[in-house]
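Geometric and topological summary
The residues making up each chain are set out below.
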Amino acid sequence: MSESSNVASRVPSGVTGATLAKDLRLEWRSKDAINSMLFFSLLVVVVFSFSFDPNAEESRQIAGGLVWVAFLFAAVVALNQTWARELRNQVLDAYRVSPAPANSLFLAKALGNFIFVAVLEILMTPLFIMFYKLRALGPAWQLIPVAALGTWALVVNGTFFAAMSLRTRSREIMLPLLLFPVSIPALLAMVNATTAILTGELSARFWIVLLTTYDVVFTVACLLLFELVLNAE
Amino acid sequence: MKKLFPIFGLLTAVLLSFALYEALVVAPTEQTMGNVQRIFYYHVPSAWTAFLLFFINFVCSIQYLVRRNPAADKVANWTVILIAIATCIAAFVVRPLAEGMEPSSIATTGIIIAGLYFLIKKYFSVERTDALAVVSAEVGVVFCTVVLVTGPLWARPVWGIWWTWDVRLTSTLVLWLIYISYLMLRRFSTSGQTPVLAAALAVFGALDVPLVYFSIWIFRTQHPQPVIGGGGSIDPKMLQVLLINWLAFLAFAALVCWSRYRLEILQRKVEETQALQALEEPGGSR
Amino acid sequence: MNFLYAAYAATWIIHIAYLGILVRRYQRVSRDIDELKKIK
């Protein structure tokens, strides 16, 4: 932590980088979260394949929805343990007292979560392609901005609501309860963009614009309001 | 003030009965839909009331977040004034207007928004603003539930389906979900700063609703479906009955909010006293 | 036709249910106030 506080007195982005590096390093060493999330994602893909066993034509229509629901569950599992380590070691109190801006902490957490969930998605995608015999009829490269924007939409709000749920009873259920309603426009956009690209029938452009708007609006809102949430005791 | 309550209650009961009579008997029967269309006189006023209550919650949440910081407070004041002025100007300058909208109603809406903001600011202290936020959220959810129940009951006999993902229905459902999550946060949060967290959630919800509306609108443009309860002009006699019912439900909502508000203030006083007593106790009830 | 009455009935059932909840909360608060007065 002394490394972060030295950096904090110089450049705020240094704190973000330092916190992010610390989180990634800790995770890489223990591989706690990533292992459980990996296995969970595999289970989700397999269960979905049993429940919905469409032929190639139908699967293109519904795969968008299925894939994003699966990613959503994986994201919630990842987000639930976002602040667990901090809580265990009273790190949050240290952050409140330090001169580091609250935003840096938030950004670091959100970016860390983004990386975790992105890794999960990269690992789950080939499985989905295999089980559902997927092939994109539209411009496949567009899936990358859709995935990136969509994941960020879930992660940025999820990290914020995870912090909000810290001091609640039934913390683990509180997070999805808060996250899902607010994420509905983003989910709609993600699913429809993916379906549009897979079926090649419609343009995903509007959805990508909507996702970008959503991301910008809520990233700004989270950054502005996180300080309040961090100080809520 | 307290003595007014029973009088107001009686007045509301009379209004509601009168409005019911108007809706069931006086209003002309609709041509295509028949008598079922009369659900409209309960469904629409409930929706407008729910949206008004949620808007009050939004104003209270903003105020709670902003009034603790004088600089932010000033910025917020000026923003509200600007919004009101901009709405008034836009009402008379922007052409053509969306169907069914009159310049006077748009300008009035802008002025009402500013009026509500400053009225609440004047008559409610910061803590009481938070109480008002809880009240308007709860009563808003009740009215929104009515909307979501009467909607499908109207849709089923008329259009043959219980539900469809059109703009208005979906936005209303999402708004309902957001405020249920707001109430759950209020109930389950053990933080001392629950009002702040809840206010932040309300702001998120308010940012979300236009996005929901817009996203469903795109979705519907790409996947056209029958429009439920379409717009267009309305028979003046029906409009009259609609407005009477709205007035009656507004009075009822005010009555319920007033009761709930008194209950909330009482509960807070009791909790404060209980906390003080626990502190004062010599041995302490650990 | 039944839908019309169902809708109106549902509206009032919901409102009365909520008022019932409020009444119960009022009773609880009154009890708490009485208890506090006794301690004083």
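Residues numbered from 1 in each chain as written. Chains lettered and ligands numbered in written order. Predicted model: local features only at pLDDT ≥ 70, side-chain atom pairs only at ≥ 80, totals over all residues.

**A few points about the overall build of chain B**
- Each helix and strand counted, chain B has eight helices and zero strands in total.
- Taken from the N to the C terminus, the helices and strands of chain B come in the order α-α-α-α-α-α-α-α.
- Considering only C-alpha atoms, chain B reaches an extent of 75 × 40 × 35 Å along its principal axes.
- Within chain B, the proportion of its 286 residues that are buried is 35%.
- Partitioning the intrachain contacts of chain B with sequence separation of at least 6 by distance along the chain shows that 80% fall at a separation of at least 24. (Helix = DSSP H or I, 4+ residues; strand = E, 2+ residues; numbered from the N terminus. Buried ≥ 20, exposed ≤ 12 C-beta atoms within 10 Å, placed from the backbone. Contact = placed C-beta atoms within 7 Å.)

**Regarding the confidence of the model for chain A**
Residue and element names in this part refer to chain A.
- Mean pLDDT for chain A: 81, with 89% of residues reaching 70 or above.
- Of all the helices and strands in chain A, helix α1 (residues 2-8) carries the lowest mean pLDDT, 46, while helix α8 (residues 143-164) carries the highest, 92.
- In this model residues 1-10 is a low-confidence stretch, pLDDT under 50, and it forms 15 contacts with partners more than four residues away in sequence or in other chains. (pLDDT = per-residue confidence, 0-100.)

**Details of the environment of Ile85(B)**
Residues and elements named next belong to chain B.
- Note on placement: isoleucine 85 falls in helix α3 (residues 70-93).
- Given 13 C-beta atoms within 10 Å, isoleucine 85 falls into the partly exposed group.
- In this structure the C-alpha to C-alpha distance between isoleucine 85 and valine 141, which are 56 residues apart in sequence, comes to 31 Å.

**Quick word on helix α2 (residues 40-66) of chain B**
- In a regular helix each residue adds 1.5 Å, so 27 residues correspond to 39 Å; α2(B) covers 39 Å between its end C-alpha atoms and thus fits that length.
- Of all 27 residues in α2(B), 22 are buried; the element is thus mostly enclosed. (Expected span 1.5 Å × (residues − 1).)

**Considering the interface of chain C and chain B**
- On the chain B side, the residues contacting the 19 residues of chain C number 23 residues.
- When the residues that make up the side of chain C that touches chain B are grouped by side-chain class, the tally is 15 nonpolar, two polar and two charged. (Nonpolar A, V, L, I, M, F, W, Y, C, P; charged D, E, K, R; others polar.)

**Considerations on the interface of chain B and chain A**
- Counting residues at the interface gives 28 residues for chain B, matched by 27 residues for chain A.
- Elements with a contribution of two residues or more to the side of chain B that touches chain A: α6 (167-188) and α7 (194-222) of chain B.
- Looking at which element gives the most residues to the side of chain B that touches chain A, the answer is α7(B), with 16 residues.
- Here the residues of the side of chain B that touches chain A sort into 18 nonpolar, nine polar and one charged.

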